[in-house]
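# A look at the structure
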Amino acid sequence: MTSPQSDPAPQPPQPPQGHVHGHTHSHGPAAPVSKHLRKVIAAVVIPFATAVVVGLIAFWPGGAPDHERTGVGFDRQTQDGKVVQVVKVDCADVNAAQVPPTGDTSTPSGREAVNEQEGECAKATVEVTSGNDKGRKFVEVVQPDAPRQLREGQGVVVAYAPDAPRDLQYSVTDVNRKIPMTLLAAIFALAVIAVGRLRGVMALVALAVSFAVLTLFILPAILQGSNPLVVAVIGASAIMLAALYMCHGVTARTSVAVVGTLISLLLIGLLGSLFIGWADLSGNTDDNTGLIHGLYPDIDMSGLLLAGVIIGSLGVLDDVTVTQTSAVWELHQADPRMGWRGLYRAGIRIGRDHIASVVNTLVLAYAGAALPLLLLFSIAQSSVGTVANSELVAEEIVRTLVGSIGLVASVPVTTVLAALVVSADRPGASPSSSTAAAPARTGRGRRRKA
């Protein structure tokens, strides 16, 4: 009775297959292709990585250039402050003479003028808590219909205007949000580490590297007058290499994702350059870009717009290319006899679902960011053609469509690259074969013990 129970053929292969799949999914094969193919991939990736390093050295800015502060917008000296007292006062006693009433309360300006004269204002005493004037106090009057109201004990950001009269040198510009923002970042990091473990840690390290490249290289280099497109391509490539290899390991599979991402980024750059120029998009559409252009008139604002398109598309591109490459590798692991055409057809079926979800995500992300602007157009009852033709919206349309085209193209490009590479593996040269065989011998050992 013992022998028949240990002999059935369908039982032994099950544990090895499950083991191999679980190992591959968790860690990925260290070297899933032959040495010859790894050398071919290295011959492509190493020169590219070397070119990125050379570009970083050649365009390294050494810090942002100094300039004299204008006191406009974000270009102001700021310090931390704290609201120490808030009292209610009659608006007429503090600012009635500043805005004369229009007499027409049906208009927004008329209602605002009446409120400023007849409403109840908040008179806040604010103490400066940092800088050379730490401990100095000043008074801030808040209108009853102001979008931001102050409360006692609240942390605020105060702007300093050294050329103004002493009583008017300080003013509240914003609320201090450092504590909730820091707490939210900590919760995010803990969630990533709790779920991703070592991969989560490496993902956070890669995120830190991305921010370092952005703040230490891309932004200062653009401010120094370097071509924004060249700087963005070099910086995005550095971010891509660091993020992919840190998070997914230095393997042939990761290298295929790197090549697929690079090809897609080049496509996005070409399309973006073509249509930004063709649509005459200046990149100077709001107060912030206007301030940048005023402070640094030599910056190519349309080039800055294109750089933003490339960098903004990179994060989603990484996700698509890594997913497609992993899918093809897993399909090959499940059926090593499948040729590159079969792998491509199976992989592209997975990619079609990915395309639908990613494009929708990208469009909604840009629409969400531009929601206040779209609301203004809706209030004005503008036609769809008028809205789309305005430069503010046209920028977002070009940004969205160019990025989406690059994402769509990345699926077949990465899938065919992965299918060609993994199917060209020489028989017996793949560690996956030996990995699959080892558990099988273990299974036979278990049968003999049984």
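Above this text you will find the structure in question.
First, a word on scope: everything that follows refers to the structure included in this document. (Residues numbered from 1 in each chain as written. Predicted model: local features only at pLDDT ≥ 70, side-chain atom pairs only at ≥ 80, totals over all residues. Heavy atoms only, no water.)

### Overview of the overall build of the protein
A tally of regular secondary structure across the protein gives 16 helices and 5 strands. Per-residue burial over the protein gives 35% buried out of 450 residues. Considering only contacts within the protein whose residues lie at least 6 apart along the sequence, 73% involve residues at least 24 apart. Surface accessibility of the protein: about 25400 Å² in total, with carbon and sulfur atoms responsible for 62%. (Helix = DSSP H or I, 4+ residues; strand = E, 2+ residues; numbered from the N terminus. Buried < 20%, exposed > 50% of the residue type's maximum accessible area, 1.4 Å probe, protein only. Contact = heavy atoms within 4.5 Å. Areas by Shrake-Rupley, 256 points an atom, 1.4 Å probe, with all protein chains shown as cover.)

### Points about a positive patch on the surface
The grouping of Arg 341, Arg 345, Arg 349 and Arg 352 at the surface amounts to a positive patch. Here Arg 349 shows up in helix α12 (residues 340-369). (Patch = residues over 30% accessible without salt bridge, like charges linked within 9 Å, V, L, I, M, F, W, Y side chains within 5 Å. Salt bridge = Lys/Arg side-chain N within 4 Å of Asp/Glu carboxyl O. Lys, Arg positive; Asp, Glu negative; His and termini not counted. Charge placed at Lys NZ, Arg CZ, Asp CG, Glu CD.)

### What about helix α15 (residues 391-423)?
Taking 1.5 Å per residue as the helical rise, α15 with its 33 residues ought to reach 48 Å, and the 48 Å between its terminal C-alpha atoms agrees with that figure. Along α15, the sharpest kink reaches roughly 25°, centred on Ser 410 and followed within four residues by the proline Pro 412. (Expected span 1.5 Å × (residues − 1). Bend = angle between axes of the 7 residues up to and from the residue.)

### Brief notes about the side chain of Ser 255
In this structure, Ser 255 sits in helix α9 (residues 252-278). Using a relative accessible area of 8% as the deciding quantity, one classes Ser 255 as buried. Within the structure, the side chain of Ser 255 is placed 2.9 Å from the side chain of Tyr 245, a separation counted as a polar contact. (Polar contact = N/O pair within 3.5 Å; in protein donor to acceptor, adjacent residues only side chain to side chain.)

### Quick look at the sheet that holds strand β1 (residues 77-90)
Strands sit in the order β3-β2-β1-β4-β5 across an open sheet of 5 strands; the sheet is antiparallel. Each having just a single partner strand, β3 (137-142) and β5 (170-175) make up the two edges of the open sheet. Taken pair by pair, the neighbouring strands of this sheet meet at an average axis angle of 45°, ignoring direction. With 5 bridges joining them, strand β4 (residues 155-160) and β5 adopt antiparallel strand pairing. By the bridge assignment for β5, Ala 159 is matched with Ser 171. (Pairing = 2+ DSSP bridges. Axes fitted to C-alpha atoms, helices over the stretch in contact; angles between N-to-C directions.)

### Some details on the packing of aromatic side chains
For the structure on display, the rule yields 4 aromatic pairs. Here the aromatic rings of Phe 138 and Tyr 170 are separated by 5.9 Å at their centres, their planes lie at 20°, and the arrangement is stacked. Of this pair, Phe 138 sits in strand β3 while Tyr 170 sits in strand β5, placing them 32 residues apart in sequence. For the pair Phe 138 and Tyr 170, one class covers both residues: buried. Measuring from ring centre to ring centre gives 4.9 Å for Tyr 160 and Tyr 170, while their planes differ by 35°; the resulting arrangement is tilted. With a gap of 10 residues between them, Tyr 160 in strand β4 and Tyr 170 in strand β5 connect regions that are remote in the sequence. Taking the relative accessible area as the measure of exposure, Tyr 170 reaches 6% and is therefore buried. Cluster of aromatic residues (ring-pair linked, three or more members): Phe 138, Tyr 160 and Tyr 170. (Phe/Tyr/Trp six-rings, centres within 6.5 Å; stacked < 30°, edge-to-face > 60°.)

### With respect to helix α11 (residues 301-334)
In this model, α11 (34 residues) spans 50 Å end to end at C-alpha, consistent with the 50 Å of a helix rising 1.5 Å per residue. Its maximal kink placed at Leu 314, α11 deviates by approximately 35°.

### Re the pattern of salt bridges
Enumeration according to the criterion identifies 5 salt bridges in this entry. A salt bridge links Arg 136 to Asp 133; the nearest nitrogen and oxygen atoms lie 3.4 Å apart. Close ionic contact of Arg 399 with Glu 396 constitutes a salt bridge, the shortest N to O distance being 3.5 Å. Separated by 3 residues within a single helix, Arg 399 and Glu 396 lie in helix α15, roughly one turn from each other. Residue classification places Arg 399 among the buried positions, given a relative accessible area of 15%. For Glu 396, a relative accessible area of 22% puts it in the partly exposed group.

### Thoughts on the pairing of β1
Note that β1 and β4 share 6 bridges and pair antiparallel. Each bridged residue has a counterpart across the sheet, and for Lys 82 the counterpart in β4 is Gly 155.

### Some details on the nonpolar core
Soluble globular proteins tend to bury their nonpolar side chains together. Membership of the largest hydrophobic core comes to 53 residues, with the highest contact counts inside it found for Met 240, Val 258 and Leu 265. If you list the elements that add at least two residues to this core, you get α3 (35-59), α7 (198-223), α8 (228-248), α9, α11, α12 and α15. Among the elements that make up this core, the one with the highest residue count is α11 (11 residues). Dropping the residues within four chain positions of it, Met 240 is found in contact with Phe 48, Val 258, Thr 261, Leu 262, Leu 265, Leu 314 and Asp 318. (Core = buried A, V, L, I, M, F, W, Y, C linked by side-chain atoms within 4.5 Å.)

### Focus: the state of the cysteines
This structure, assessed with the given rule, holds 1 disulfide. Disulfide partner of Cys 91: Cys 121, at an S-S distance of 1.9 Å. Disulfide Cys 91 to Cys 121: torsion about the S-S bond roughly 110°, handedness right-handed. Within this pair, whereas Cys 91 is found in helix α4 (residues 91-95), its partner Cys 121 is found in strand β2 (residues 120-128), the two being separated by 30 residues in sequence. Judged by its relative accessible area of 0%, Cys 91 is buried. Using a relative accessible area of 0% as the deciding quantity, one classes Cys 121 as buried. (Disulfide = S-S within 2.5 Å.)

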